[in-house]
Amino acid sequence: MAALAPLTIPALLAARAVTWPAHGYLWLEDGESKERLLTYPALERRVAAIAAGLSRRARKGDRILILLPLGLDYISAILGTAAAGMIGVPVYPPDPANQMMGLAQVKSILDDSAPSVGLTSAGIAGLVEAAGRIEPDIAALPWVTLDDIEAAHVGASLHCQGEPDDVAVLLYTSGSTGTPKGVMLSHANLIETAGAMAADCRLTPQSSMCVWLPGYHVSGLFAGIILPLWVGATMVS
């Protein structure tokens, strides 16, 4: 595959929606056979709606706390935040079985990243509300669900906000051995690393790709989300 000029995430998505419209992200909801396919054109529409909604609530360069379980919503939120010219800050939702440890991680990342908005889903909005009763700073953050933001901005157009060197994601370590530490990843970092991975593995749009790495992990972000987008292939996860 010929090398691409430096791009932003939304520009790359817009290109893939045209060149490989039947490809995208295939999510196995039960881990085996219950499939949901989000094609690149459908993803482009979701990302455009999310970006439009966030642009009404925050400014370019603001941090957006993304509190979502892994899945197609998570992928859409990461790319939608980048398309808005903002910085996604993904955080794993607290495990109800070990809620206090999970809340401590969310609180630490919230304090360090100073997000303007929290992005979640209707499915876990109750968890966010419960967390806010324990940690007032979580409750004080303005929250919006993907369901509401997409419903309000159906038909929005995708605009390629920002430059390749703008930060797209602020990714934190797990905090299992200390305070979570953030790493800033620009659009160019993400795309160029994915390009190098694709070249090393000789991937093409017809390649069969599968990933088990979580998207909260740097390897999962690159291999599971950005790599298939760069290649134009379908990723199964």
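Here goes a summary of the coordinates provided. (Residues numbered from 1 in each chain as written. Predicted model: local features only at pLDDT ≥ 70, side-chain atom pairs only at ≥ 80, totals over all residues. Heavy atoms only, no water.)

### Regarding the environment of Ser 108
For Ser 108, the location among the structural elements is in helix H4 (residues 99–113). Those residues in contact with Ser 108 that lie beyond four places of it in its chain are Thr 179 and Pro 180. (Helix = DSSP H or I, 4+ residues; strand = E, 2+ residues; numbered from the N terminus. Contact = heavy atoms within 4.5 Å.)

### Observations concerning the sheet that holds strand E10 (residues 234–236)
What the 4 strands build is an open sheet, ordered E2-E1-E10-E9; its pairing is mixed. Here the strands that pair on one side only, and so sit at the sheet edges, are strand E2 (35–39) and strand E9 (208–210). Recorded for the sheet is a direction-independent mean angle of 25° between the axes of neighbouring strands. As paired elements, strand E1 (residues 24–28) and E10 share 2 bridges and run parallel to each other. Across the sheet, residue Leu 26 finds its bridge partner in E10, namely Val 236. Packed on one face of the sheet, helix H2 (residues 40–55) meets E1 and E2 and runs near 75° to E2. (Pairing = 2+ DSSP bridges. Axes fitted to C-alpha atoms, helices over the stretch in contact; angles between N-to-C directions.)

### A closer look at the packing of helix H3 (residues 72–83) against helix H9 (residues 218–231)
At a closest axis distance of 12 Å, the pairing of H3 and H9 adopts a crossing angle of 70°. With respect to H9, the element H3 is oriented roughly perpendicular. Relative to H9, the crossing made by H3 is right-handed. Here Tyr 74, Ile 75, Ile 78 and Leu 79 of H3 come into contact with H9, specifically with Leu 221, Ile 225, Ile 226 and Leu 229. (Parallel < 35°, antiparallel > 145°, perpendicular 65-115°, else oblique. Left-handed = near helix turned anticlockwise from the far one by under 90°.)

### Remarks on the pairing of strand E3 (residues 63–67)
Of all 5 residues in E3, 4 are buried, a share of seventy percent or more. Where E3 meets strand E4 (residues 87–91), 5 bridges bridge the pair, whose relative direction is parallel. Counterpart to Leu 67 in the pairing with E4 is Val 91. Handedness of the β-α-β unit built from E3, H3 and E4 comes out right-handed. Inspection of the sheet shows E3 paired to strand E5 (residues 117–120) by 3 bridges, in the parallel sense. In the sheet register, Ile 64 faces E5, and the bridge partner there is Val 117. (Buried < 20%, exposed > 50% of the residue type's maximum accessible area, 1.4 Å probe, protein only. Right-handed = clockwise from strand over helix to strand, strands pointing away.)

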